[in-house]
Amino acid sequence: MIGVDASPECFTIIFEPSGRRFEAPAGVALLRAARDAGFVLPSSCRNGTCRTCICRLVSGRVRYGVDWPGLSVDEKAEGFILPCVAIAESALVIDAARLVDLDVAP
Ligand code: FES
């Protein structure tokens, strides 16, 4: 039957080096999806211009919710992403050494 599964598709996101993980709903920017799951990444503008949230994608694929993510061609080629405007298109492994896990934060 068509339309029985109304739950949104999710992608598993793993942060390195901590190994912490969460499920990101499809279509939700990574910064927000992480925050909803109890993880905080550094951020400021949240619109892809300030680069405060920059981190490196180890594996997986993202797309952007804006046409102008503040990354150079070389940075994109090296795997850098801006989680405030990046949206998962697959399971991801992200190098996020500055991650704050709200479950274990002091
Ligand atoms: S918070 Fe500014 S670019 Fe992501």
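Here the structure is a predicted model, which is why all the values come from computation and not from measurement. (Residues numbered from 1 in each chain as written. Predicted model: local features only at pLDDT ≥ 70, side-chain atom pairs only at ≥ 80, totals over all residues.)

Asker: Would you mind going over the overall build of the chain with me for this structure?
Answerer: For the chain, the helix and strand inventory stands at two helices and nine strands. Along its sequence from the N terminus, the chain presents helices and strands in the succession β-β-α-β-β-β-α-β-β-β-β. Across the 106 residues in the chain, those meeting the buried criterion constitute 25%. (Helix = DSSP H or I, 4+ residues; strand = E, 2+ residues; numbered from the N terminus. Buried ≥ 20, exposed ≤ 12 C-beta atoms within 10 Å, placed from the backbone.)

Asker: Can you walk me through the sheet that holds strand β6 (residues 80–81) in this structure?
Answerer: In a beta sheet, neighbouring strands pair by backbone hydrogen bonds and run either parallel or antiparallel. One open sheet accounts for five strands, arranged β2-β1-β8-β4-β6; its pairing is mixed. Across the chains shown, the open sheet's two edge strands, defined by having one partner strand only, are β2 (21–25) and β6. Across two bridges, the pairing between strand β4 (residues 55–59) and β6 is antiparallel. The residue of β6 that forms the bridge with R56 is F80. (Pairing = 2+ DSSP bridges.)

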